[in-house]
Amino acid sequence: MEDQSIDLVVMNSVAQYMTPEELDGALLNIRRLLTPSGKLVLGDILQPEVGMGRDVMALLSFGLRHGFLKDALIGLISTALSDYRQLRSRIGLQRYSEDEITAKLTAAGFAVQRAQTNVGHNRWRMTFIARPPVVR
Ligand SMILES: C[S@@+](CC[C@H](N)C(=O)[O-])C[C@H]1O[C@@H](n2cnc3c(N)ncnc32)[C@H](O)[C@@H]1O
């Protein structure tokens, strides 16, 4: 894709599945693609100190609030019995503190701001808005 051809990139709930090197490569690519006034929304970043219990609680309370608690429970049970659960336990998910992900985004050439709330339903995860820095 052409340089500076995209106004908005949303990467939500993906970074945790990438190696740190893959994420660095993706951020550089996104930085290249964004227009000077463009924006990257990087959502659902897992923090090092927040474990799987919080993910379970977040999904159940989301289901309760929006009338799909039974389906959320069924989803959790099928996930618990699936490869995903085993993979998650074996490989783990990639986690970053606010400082760590800010440093990654800055190294890729972005000005960074943490959003007040996560873009996804899980309020224990973080969202960042990253922009090309303003050149004066
Ligand atoms: C929880 S889903 C998020 C879906 C996303 N928000 C969307 O709307 O398509 C996680 C996504 O990460 C992708 N993924 C997993 N490992 C990846 C990797 N190493 N590089 C790029 N994408 C990856 C999966 O294919 C999956 O689509």
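Residues numbered from 1 in each chain as written. Predicted model: local features only at pLDDT ≥ 70, side-chain atom pairs only at ≥ 80, totals over all residues. Heavy atoms only, no water.

Observations regarding the environment of Arg31
(1) Moving on: Along the chain, the position of Arg31 falls in helix α1 (residues 20-33).
(2) Moving on: The spatial distance from the C-alpha of Arg31 to the C-alpha of Ile6 is 9.7 Å, given a sequence separation of 25 residues.
(3) Moving on: Apart from residues lying up to four places away in sequence, Arg31 is in contact with Ala108, Gly109, Phe110, Pro132 and Pro133. (Helix = DSSP H or I, 4+ residues; strand = E, 2+ residues; numbered from the N terminus. Contact = heavy atoms within 4.5 Å.)

Quick word on the pairing of strand β1 (residues 6-12)
(1) Moving on: Of the pairings in the sheet, the one linking β1 to strand β2 (residues 34-45) comprises 6 bridges and is parallel in character. Opposite Val9, over in β2, you have Leu40 as the bridge partner.
(2) Moving on: Each parallel crossover has a hand, and for β1 linked through α1 to β2 it is right-handed. (Pairing = 2+ DSSP bridges. Right-handed = clockwise from strand over helix to strand, strands pointing away.)

Quick notes on the sheet that holds strand β3 (residues 111-114)
(1) Moving on: Reading across from one edge, β1-β2-β4-β3 is the order of the 4 strands in this open sheet, with mixed pairing throughout. The open sheet has two edge strands with one neighbour each: β1 and β3. For this sheet, the mean angle separating the axes of adjacent strands, direction not counted, is 15 degrees.
(2) Moving on: Packed on one face of the sheet, helix α5 (residues 98-107) meets β2, β3 and β4 (126-131) and runs near 25 degrees to β4. (Axes fitted to C-alpha atoms, helices over the stretch in contact; angles between N-to-C directions.)

Some points on empty space enclosed by the protein
(1) Moving on: In the structure shown here, the tally under the stated rule is 1 cavity of 30 Å³ or more.
(2) Moving on: Empty space within the largest cavity amounts to approximately 40 Å³.
(3) Moving on: If you go around the largest cavity, the residues you meet are Leu46, Gln47, Val50, Gly51, Asp55, Arg95, Asn122, Trp124 and Arg125.
(4) Moving on: Of the residues contributing to the lining of the largest cavity, the split by class is 3 nonpolar, 3 polar and 3 charged. (1 Å grid on protein atoms, 1.4 Å probe; cavity = no way out; pocket = protein on both sides within 12 Å on 5 of 7 lines; lining within 4 Å. Points joined across faces, edges and corners; volume = space filled by probe spheres on them. Nonpolar A, V, L, I, M, F, W, Y, C, P; charged D, E, K, R; others polar.)

What to know about the nonpolar core
(1) Moving on: In terms of nonpolar packing, the biggest core is built from 20 residues, with Met11, Leu23, Leu40, Ile45, Ile101, Leu105 and Phe110 touching the most fellow members.
(2) Moving on: Elements supplying a minimum of two residues to this core: β1, α1, β2, α5 and β4.
(3) Moving on: Ignoring any residue separated from it by four or fewer positions in sequence, one finds Leu105 in contact with Leu27, Leu40, Leu42, Phe110, Val112, Phe128 and Ala130. (Core = buried A, V, L, I, M, F, W, Y, C linked by side-chain atoms within 4.5 Å. Buried < 20%, exposed > 50% of the residue type's maximum accessible area, 1.4 Å probe, protein only.)

What to know about the domain arrangement of the chain
(1) Moving on: Domain parsing of the chain yields domain 1 (1-48 + 95-136) and domain 2 (51-92).
(2) Moving on: Residue-level contacts link 7 residues of domain 1 with 9 residues of domain 2.
(3) Moving on: If you look at where domain 1 meets domain 2, you find 1 salt bridge.
(4) Moving on: Linking domain 1 with domain 2 are 2 residue pairs in polar contact (both at pLDDT 80 or more).
(5) Moving on: Split by residue class, the side of domain 1 that touches domain 2 holds 3 nonpolar, 2 polar and 2 charged. (Domains from an automatic or database assignment. Salt bridge = Lys/Arg side-chain N within 4 Å of Asp/Glu carboxyl O. Polar contact = N/O pair within 3.5 Å; in protein donor to acceptor, adjacent residues only side chain to side chain.)

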